[in-house]
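# Inside the fold
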Amino acid sequence: MKLSGGVEWALHCCVVLTAASEPVPAARLAQLHDVSPSYLAKQMQALSRAGLVRSVQGKTGGYVLTRKASDITLLDVVQAVDGAAPAFVCTEIRQRGPLAIPPEKCVKPCPIARAMGAADAAWRASLAGVTIADLVTSVETDSGPDALPGIGTWLTGG
């Protein structure tokens, strides 16, 4: 399974937005993560289209989460950035070539498609079982209770 780099940036942004007391401009998020502002803006727009963040206009505008961190899963973010299409798409290879099986005899997916579908479902269930709040807790455990508040202060220019 290969995910775009945008997923990583979007997840980091969702985590740090939990620490901000006011909307955070995409340019400030890009500066924090040392990534191109236009690249990060694209990820934030994807999150916005999915309803995970919203853009606040005005002098103190920027992005805020639209839901509690406990209500946003990693799967929500992955699908917002990379889409919801399955990782594996069966092309019915068994119906090709000199020993092709006729379509009418292919009444159920082949074993490869079933195995890959099960793996995709397990992967998605795993992502759906982890929330942004879970990541926040892990950051606090790994980096200490002052890490995210310090980032929140920096993000809002304090």
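Our structure's up above, just so we're on the same page.
Residues numbered from 1 in each chain as written. Predicted model: local features only at pLDDT ≥ 70, side-chain atom pairs only at ≥ 80, totals over all residues. Heavy atoms only, no water.

Quick look at the pairing of strand β2 (residues 62-65) now. Of the pairings in the sheet, the one linking strand β1 (residues 53-56) to β2 comprises four bridges and is antiparallel in character. Residue pairing for β2: V53 is matched across the bridge by L65. Remark: five residues form the turn of the hairpin made by β1 and β2, two consecutive strands paired antiparallel; G58 in that turn has positive phi of roughly 110°. (Pairing = 2+ DSSP bridges. Helix = DSSP H or I, 4+ residues; strand = E, 2+ residues; numbered from the N terminus.)

A few words on the environment of I151. Mapped onto the elements of the fold, I151 is located in helix α7 (residues 147-155). As for I151 and G97, which are separated by 54 residues in sequence, their C-alpha atoms are 58 Å apart. In contact with I151, other than residues within four places in its own chain, are V16 and L32. (Contact = heavy atoms within 4.5 Å.)

On to the nonpolar core, then. In this structure, L17, L29, M44, L47, V77 and I132 are the most contacted members of the largest nonpolar core, which totals 34 residues. Broken down by secondary-structure element, the contributors of at least two residues to this core are α1 (5-17), α2 (26-33), α3 (37-49), β2, α4 (74-82), α6 (132-143) and α7. The element best represented in this core is α1, accounting for eight residues. Other than its neighbours up to four places away in sequence, L29 contacts C13, V16, L17, V24, L40, M44 and L155. (Core = buried A, V, L, I, M, F, W, Y, C linked by side-chain atoms within 4.5 Å. Buried < 20%, exposed > 50% of the residue type's maximum accessible area, 1.4 Å probe, protein only.)

Right, let's get into α7. Turning to α7, its buried residues number three or more, namely L148, G152 and L155. For α7, the arc enclosing every buried residue in end-on projection is 65°, short of the 170-degree limit, so these residues lie on one face. The inward-facing, buried residues of α7 abut α1, α2 and α6. Just downstream of α7 lies G157, where phi reads positive at about 75°. (Arc of directions from axis to C-beta.)

Taken as a whole, this structure holds three salt bridges when the rule is applied. Salt-bridge contacts for R94 lead to E92; the nearest nitrogen and oxygen are separated by 2.6 Å. Residue classification places R94 among the partly exposed residues on the basis of a relative accessible area of 23%. A relative accessible area of 23% means that E92 is categorised as partly exposed. With a closest N to O distance of 2.8 Å, R124 and D120 form a salt bridge. With R124 and D120 both in helix α5 (residues 111-128) and four residues apart, this pair spans about one turn of that helix. (Salt bridge = Lys/Arg side-chain N within 4 Å of Asp/Glu carboxyl O.)

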